[in-house]
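Remarks on the overall topology
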Amino acid sequence: MSEVLRSDIPHIPDLVDDRGPARYFHGRRKILNNFNDLLSRAVTVYGRTTMLIQGAPGAGKTALLEELAIDAMERKWDVFQINLDDLYNPVHMAQTLGKPYVSRKKTSIKADAKLVATEHIKEVAGDSSVSQVLENLNPDQGVLLILDEAQRIVHFSDSQHKVSVMATLDNLHNGNINNPIILLAAGLGPTEEAFRTLGVSRFKAGCFVELGALGQGSARAVIHDWIRKEGSAKGEADGWIDAIVEKTHGWPQHISAYGDAAAKQIQRDHGEMTSAGLEVVYRLGAERREAYYKQRAKGISRKERSSLANLIDTIPLGDGLDREEFETALSQEYDSEKAKSLFNKAVERGILHSQDEIYIIPIPSMRNWLVSNYARERVEISQTTRVYPELHG
């Protein structure tokens, strides 16, 4: 049964800080350990490479990047947030790194009886490529380059800068730069494929992460911090924590949405955790979840949502399909190109997420939202129920 959504909770603002660094961070220990091992091994050429964190929107990629950056800085590494221009433009990369970019103007005189001309020739000394800029850094100083929203590199696949970007990525990924440098990238579902189109065909073991939900213990720890540290809750909190964690499915965006609502409600109730207050948290959390799902589905038409919902409804909960199976099923309603386009759009928008090449909807409640609102038979039943409410108690 779907939750009833109400917008009658004026004492809790709609604004939720659910992007960027996490207010309270727990979990991801295996990833953190792998990364710290990578930092240790980066003093050798074999440890210098690319680490990619891939996940659906709201999986906590940017928050994880922040924690990894903190770990690197604690180990005295220099950390720089880079952008797309830095991958092909040595001037931009030098500016990002805070390094001087040397440009020399050479004047030569051509003279004959009638003409004296000045020719300006631009020379770049030692840093005519991005890789050369990086080569000129201190060879004893570890450098972490962070590229967020890395799925955008796909735009280089048919760009005039493709060759330059491929050279930069190849040198970073394969440790060809004579400095301890690691590229840490994070992006949405198509990011690994985007790297592949630019020549990065394989990541080292432990250097490719498909980010999903938090474990129950980590989710409980985050909700605990929201309730205790933010809400200043009094008394026994386990009941509230367990109840809220169940609603979040371990999804970081949901944990932030419910945790923020819980903290604000507890503050309003002067540190008390009441059953009425918990109902308010349920309602507001459900509203925030639905708003998140609608945002994820933006750009996917109602008919396309219906097609996805009908297909998902035939798949047992927890199971998924590979890319070919999705495209084949969708091609029963659309031509081949449209079926591929819809599948790609669903991945890009975070509706579908890959787990070992099998695509699923990563959050059970998002699956329920899509199916209950857009699967044809369920929608028809729901509409019938709404037309004759007096017949259904």
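The structure presented is a predicted model; accordingly, all values stated were derived computationally and were not measured. (Residues numbered from 1 in each chain as written. Predicted model: local features only at pLDDT ≥ 70, side-chain atom pairs only at ≥ 80, totals over all residues. Heavy atoms only, no water.)

1. Section: the overall build of the protein
Condition: Numbering goes from the N terminus for both helices and strands, where a helix is a DSSP run of H or I of at least four residues and a strand is a run of E of at least two. In what follows, a contact means two residues having at least one pair of non-hydrogen atoms within 4.5 Å. The method behind every accessible area is Shrake-Rupley, applied with a 1.4 Å probe, and residues are considered shielded solely by the protein chains displayed.
Scanning the protein from terminus to terminus reveals 15 helices and 9 strands. Looking at the protein alone, contacts between residues at least 24 apart form 75% of all its contacts between residues at least 6 apart. Roughly 20,200 Å² of accessible area belongs to the protein as shown, and the carbon and sulfur atoms make up 49% of that amount.

2. Points about the packing of helix 1 (residues 29-41) against helix 2 (residues 61-74)
Worth spelling out the cut-off: Working convention: axes come from line fits to C-alpha atoms, limited for helices to the stretch in contact. Angles between N-to-C directions cover 0 to 180 degrees. By definition, any crossing whose near helix is turned counterclockwise from its far helix by less than a right angle is left-handed, and any crossing with a clockwise turn is right-handed. The classification used treats Ala, Val, Leu, Ile, Met, Phe, Trp, Tyr, Cys and Pro as nonpolar, Asp, Glu, Lys and Arg as charged, and all other residues, Gly among them, as polar.
Two elements in contact, helix 1 and helix 2, have axes whose closest approach is 10 Å; the angle formed by their N-to-C orientations is 40°. Like other packed secondary-structure pairs, helix 1 and helix 2 cross with a definite hand, here right-handed. Facing helix 1, whose interface residues are Ile31, Leu32, Phe35, Asn36 and Leu39, helix 2 presents Leu64, Glu67, Leu68, Asp71 and Ala72. Of the residues that constitute the contact of helix 1 with helix 2, the class distribution is 7 nonpolar, 1 polar and 2 charged.

3. A closer look at the nonpolar core
Nonpolar side chains in soluble globular proteins tend to end up buried together. The line we're drawing: The criterion is simple. A nonpolar core is a set of buried Ala, Val, Leu, Ile, Met, Phe, Trp, Tyr and Cys residues joined through side-chain atoms within 4.5 Å. Partly exposed describes any residue whose relative accessible area lies between the buried limit of under 20% and the exposed limit of over 50%, with all areas from a 1.4 Å probe on protein chains only and scaled to the type maximum.
Counting residues in each nonpolar core, the largest one holds 54 residues, and the members touching the most others are Ile53, Leu184, Phe326, Leu352 and Leu370. Contacts of phenylalanine 326, omitting those with residues within four sequence positions, involve Leu311, Ile312, Ile315, Leu321, Phe343, Leu352 and Tyr359.

4. Looking at the packing of aromatic side chains
Note the cut-off: Two aromatic rings, drawn from Phe, Tyr or Trp (for Trp, its six-membered ring), form a pair once their centres lie within 6.5 Å of each other, and the interplanar angle then sorts them: stacked below 30 degrees, edge-to-face above 60, tilted otherwise. Lysine and arginine charges are scored as sitting over a ring when NZ or CZ, respectively, is within 6 Å of the ring centre and within 35 degrees of the ring normal.
A full pass over the atoms with the stated rule returns 9 aromatic pairs. Taken together, a centroid distance of 5.8 Å and an interplanar angle of 75° make the contact between tyrosine 88 and phenylalanine 156 edge-to-face. With tyrosine 88 in the loop between strand 2 (78-81) and helix 3 (90-97) and phenylalanine 156 in the loop between strand 5 (143-147) and helix 5 (162-173), this residue pair connects regions lying 68 residues apart in the sequence. What makes phenylalanine 156 buried here is its relative accessible area of 7%. Among the aromatic residues, those joined into a cluster by ring pairs are Tyr292, Tyr293, Trp369 and Tyr374. Over the ring of tyrosine 282 we find lysine 247; its NZ or CZ atom is 4.8 Å from the centre of that ring.

5. Considering the pairing of strand 1 (residues 50-55)
Short version of the rule: Only when DSSP finds a minimum of two bridges between them are two strands counted as paired.
The element strand 1 is extensively covered by neighbouring structure, given that 6 of its 6 residues are classed as buried. Neither face of strand 1 is left uncovered, since the one carrying Thr50, Leu52 and Gln54 and the one carrying Met51, Ile53 and Gly55 both have all their residues buried. With 5 bridges joining them, strand 1 and strand 6 (residues 181-187) adopt parallel strand pairing. Across the sheet, threonine 50 pairs through a bridge with leucine 183, a residue of strand 6. One ladder, built from 4 bridges, connects strand 1 with strand 7 (residues 208-211); its direction is parallel. Pairing of glycine 55 across the sheet is with leucine 211, part of strand 7.

6. Remarks on a negative patch on the surface
Our working rule: In this analysis, a patch consists of residues with relative accessible area above 30% that form no salt bridge, clustered at 9 Å for like charges and at 5 Å for the nonpolar side chains Val, Leu, Ile, Met, Phe, Trp and Tyr. By definition here, a salt bridge exists when the distance from a side-chain nitrogen of Lys or Arg to a carboxyl oxygen of Asp or Glu is within 4 Å. When charges are counted, Lys and Arg are positive and Asp and Glu negative, with His and the chain ends excluded. We put the charge of a Lys on NZ, of an Arg on CZ, of an Asp on CG and of a Glu on CD.
A grouping of Glu324, Glu325, Asp356 and Glu357 is seen on the molecular surface, where their side chains present a negatively charged patch. With respect to the element layout, aspartate 356 can be found in the loop between strand 8 (353-355) and strand 9 (358-360). Take aspartate 356: its relative accessible area is 68%, and that puts it in the exposed class.

7. A few points about the pattern of salt bridges
Tallying each qualifying case throughout the model produces 14 salt bridges. With a shortest N-O distance of 3.5 Å, aspartate 238 and arginine 220 are connected by a salt bridge. Of this pair, aspartate 238 sits in helix 8 (residues 238-248) while arginine 220 is found in helix 7 (residues 216-230), placing the two residues 18 residues apart along the sequence. A salt bridge links aspartate 225 to lysine 229; its shortest N-O distance comes to 3.7 Å. One end of the pair is aspartate 225 and the other is lysine 229, both in helix 7 and 4 residues apart, which spans about a single turn.

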